[in-house]
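Here is what each chain is made of, one letter per residue.
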Amino acid sequence: MNRFTLTVSAAIARVTESALGPYQSAMIRIGFSATWLLFLLREFVHRAELYGPDGPWGFDLARQLVDSNGAFTLLLWSDGRLWFEAVYALALLASAALLVGWRTRTMSVLFMVGVLSLQNRSVFMGDGGDNVLHLMAVYLVFTRCGRVWSLDARRERRAAEARARGERVTDRVGPVLWAVLGAALVVLTGTGGLDGDPTVPVLLWAVWASLGLWWAVVRRARSEQPRILLDVIGNILHNGALVVIMAEACLIYATAGWYKIQGSRWQDGTAAYYPLQLDYFSPWPFLGDLLTSSGTMVMLVTYGTVLVQVAFPFTLFNRRVKNVLLALMMLEHAAIAVILGLPFFSLAMIAADAVFLPTPFLRRLGRWTVRARVLVFARNGGRGAAAATVPEQRAPQSPQPTHVGFEA
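Reading the values: the criteria
Along each chain, numbering runs from 1 in the same order as the chain's sequence is written. The predicted nature of this model means local features are confined to residues of pLDDT at least 70 and side-chain atom pairs, given and counted, to a pLDDT of 80 or more, with totals for whole chains, interfaces and linings taken over all residues. Excluding hydrogens and water, the side-chain values take into account all heavy atoms of the structure. Under the scheme used here, helices are H or I runs from DSSP no shorter than 4 residues and strands are E runs no shorter than 2 residues, and both carry numbers assigned from the N terminus. The quantity called the radius of gyration is restricted to C-alpha atoms. Its globule counterpart is 2.2 Å times the number of residues to the power 0.38. Each residue is assigned to one of three classes by its accessible area relative to the maximum for its type, calculated with a 1.4 Å probe on protein chains only: buried under 20%, partly exposed between the two thresholds, exposed over 50%. Residues enter a patch when their relative accessible area is above 30% and they make no salt bridge; the linking distance is 9 Å between like charges and 5 Å between nonpolar side chains (Val, Leu, Ile, Met, Phe, Trp, Tyr). Reported accessibility uses the Shrake-Rupley method at a 1.4 Å probe radius. Residues are deemed covered only where the shown protein chains occlude them. What counts as a salt bridge is simple: a side-chain nitrogen of Lys or Arg found within 4 Å of a carboxyl oxygen of Asp or Glu. For Phe, Tyr and Trp, rings pair up if their centres lie within 6.5 Å, where Trp contributes its six-membered ring, and each pair is then called stacked (planes under 30 degrees apart), edge-to-face (over 60) or tilted (otherwise). Among the buried residues, those of types Ala, Val, Leu, Ile, Met, Phe, Trp, Tyr and Cys that are joined through side-chain atoms within 4.5 Å form a nonpolar core. Throughout, a residue-residue contact means that at least one pair of heavy atoms, one from each residue, lies within 4.5 Å. A fitted line through C-alpha atoms represents every axis, and for helices the fit uses only the stretch in contact; the resulting angles, taken between N-to-C directions, go from 0 to 180 degrees. Comment on the angle field: the value is read as roughly parallel under 35 degrees, roughly antiparallel over 145, roughly perpendicular from 65 to 115, and oblique elsewhere. Each helix crossing is assigned a hand: it is left-handed if the near helix lies turned anticlockwise from the far helix by less than a right angle, otherwise right-handed if that turn is clockwise. For this scheme, ten residues count as nonpolar: Ala, Val, Leu, Ile, Met, Phe, Trp, Tyr, Cys and Pro. Four count as charged, namely Asp, Glu, Lys and Arg, and the remainder, Gly too, count as polar. Here pLDDT means the predictor's own confidence in every residue, given as a number from 0 to 100.

Student: In this structure, what is going on with the overall build of the protein? I would like to understand it.
Tutor: A tally of regular secondary structure across the protein gives 18 helices and 0 strands. Over its C-alpha trace the protein gives a radius of gyration of 23 Å, about what one expects of a compact globule, namely 22 Å for 408 residues. Expressed as lengths along the three principal axes of its C-alpha atoms, the size of the protein is roughly 70 × 65 × 55 Å. Scored against the burial criterion, the 408 residues of the protein give a buried share of 42%.

Here it is, written out as structure tokens:
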């Protein structure tokens, strides 16, 4: 009984004392924000046809659908071109800011707003990756995804160094940003802009209120207990969100694999042949012809896809097997991006897979990135190389008395 009690206590302490998987959550942040940003930039010329006033899915049709399902979107507040451009610009800026980790807590919320606004405006624009991005944009709000590899982490490191020298550190941007967004929420709520399904509006208000509470506790509390309590709640939400993201990725692969098993073409080993014969999925016809020229290759790809997808959730208990299958799945998605011409679907799935990457590999990846940056800057002169030589960002090992409510 004592051993069981100690085990449970250790598990509770691990979940509450720290935000687990800081490198994995940073990879998810970078992966999904980069995927959405690249998609928005690629479709910038066609943005009005996809999500705006020039699209075949008109304003009235979108309004009827949203009225029936209660989906959240800013784009149905007005059918004007100026409002559409403003929302599209918001989505671009939020994606870029989240990518580099600037005010990640706030930007994750704005990122979610941008994703939901555009995708719910034209629900038929997507290739499957949009569904994954849609879900992950919501989950990211609950994570502390700016603990490493972010401008927030660099700012906090510099602030800690300044406090160690006895200097006073004041965050002015965070409170101003909080006040502006709070005023916008008040106006939108008062004018009925947040009517409909209450899920997203409640989430927006909850995040805004929690950021204000965190700032007040950090600045005004006379003891450490209130800050520690809020930090524990933040850690629980972060760790719970990571578990949900993992479960979502496993569910995607498991359902895809088991549904494939039921298909006759997957059973006879020819399913991989047919998509490659469609012009829509053949940006490089010679690659498709090369792959389908061998019946053995088609069979191996077909059966291998099913095997990897069905087996992956069961390999999470064996680290080595899991890493092998994870590498195979990422290679498969990279091949899909090139051969079938579905780059953003593949990027979204690779970003989701990143939650399972081992921490030692991610830390090495971070060091390789820093070295590559140093080499690039070294070609431009010694001064640039010196500026680029920065220490590796490590995840905090203990709760930090900082303004992470506005940042990480």
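This is not the end of the story, as more comes after the structure.
Student: Can you help me understand a nonpolar patch on the surface in this one?
Tutor: Judged by side-chain polarity, F142, L229, I233 and L237 come together as a nonpolar surface patch covering roughly 350 Å² of accessible area. Checked against the element boundaries, I233 lands in helix α11 (residues 225-261). Judged by relative accessible area, which is 41%, I233 ranks as partly exposed.

Student: Before we go on, may I ask you to explain the packing of aromatic side chains in this structure?
Tutor: Each pair of aromatic rings is reported with the distance of its centres and the angle of its planes. For the structure on display, the rule yields 14 aromatic pairs. Aromatic pair Y23 and W149: ring centres 5.4 Å apart, planes at 65°, arrangement edge-to-face. Taken together, the residues span a long stretch of sequence, with Y23 in helix α2 (residues 22-42) and W149 in the loop between α7 (129-140) and α8 (151-164) at a distance of 126 residues. As far as the burial class goes, Y23 and W149 line up, both buried. Members of the aromatic cluster, each reached through a chain of ring pairs, are W36, F39 and F344.

Student: Sorry, what's going on with the nonpolar core here?
Tutor: Nonpolar side chains in soluble globular proteins tend to be buried together. Ranked by size, the top nonpolar core spans 76 residues in total, and within it F32, W36 and M112 carry the most contacts. Other than its neighbours up to four places away in sequence, M112 contacts A137, V138, V141, V200, L203 and L204.

Student: Which parts of the structure should I look at to understand the pattern of salt bridges?
Tutor: Pairing of side chains with opposite charge becomes possible as their charged atoms draw close. Enumeration according to the criterion identifies 11 salt bridges in this entry. Between R103 and D171 there is a salt bridge, with the nearest N and O atoms lying 3.1 Å from each other. With R103 in the loop between α5 (81-100) and α6 (104-121) and D171 in the loop between α8 and α9 (173-190), the pair connects residues that are 68 residues apart, well separated along the chain. Judged by its relative accessible area of 9%, D171 falls in the buried class. Linking D231 and R144 is a salt bridge whose minimum nitrogen-to-oxygen distance equals 3.2 Å.

Student: Quick question: what am I supposed to make of the packing of α2 against helix α17 (residues 359-378) here?
Tutor: Two quantities define a packed helix pair, namely the angle between the helix axes and the distance between the axes. In the contact formed by α2 and α17, the axes pass within 9 Å of each other and the chain directions differ by 60°. Relative to α17, the element α2 is oriented oblique. By crossing handedness, the relation of α2 to α17 is classed as left-handed. Contacts between α2 and α17 involve Y23, Q24 and M27 on the former and, on the latter, T359, L362, R363 and L365. Looking at the contact of α2 with α17 residue by residue, the class counts come to 4 nonpolar, 2 polar and 1 charged.

Student: So what exactly am I meant to see when it comes to the confidence of the model for the protein here?
Tutor: It should be kept in mind that the predicted coordinates are not to be read in detail where pLDDT is low. In this model, the protein carries a mean pLDDT of 88, and residues with pLDDT of at least 70 account for 93%. Between residues 384-390, whose pLDDT stays under 50, and residues either more than four places distant or in other chains, the model counts 10 contacts. Every residue in residues 398-408 scores below 50 in pLDDT, and together they form 45 contacts with partners more than four places removed in sequence or on other chains.

Student: Would you mind showing me how to read the packing of α2 against α6 here?
Tutor: Remark: α2 packs on α6, axes separated minimally by 12 Å, with the N-to-C direction vectors making an angle of 45°. On the basis of their axis angle, the class for α2 and α6 is oblique. Crossing angle aside, the handedness with which α2 passes α6 is left-handed. Contacts between α2 and α6 involve R29, F32, S33, W36 and L40 from the first element and T104, F111, G114, V115, L118 and Q119 from the second.

Student: Is there a simple way to explain the side chain of Q24 in this structure?
Tutor: Along the chain, Q24 turns up in helix α2. Apart from residues lying up to four places away in sequence, Q24 is in contact with A354, V355, L357, P358, T359 and L362.

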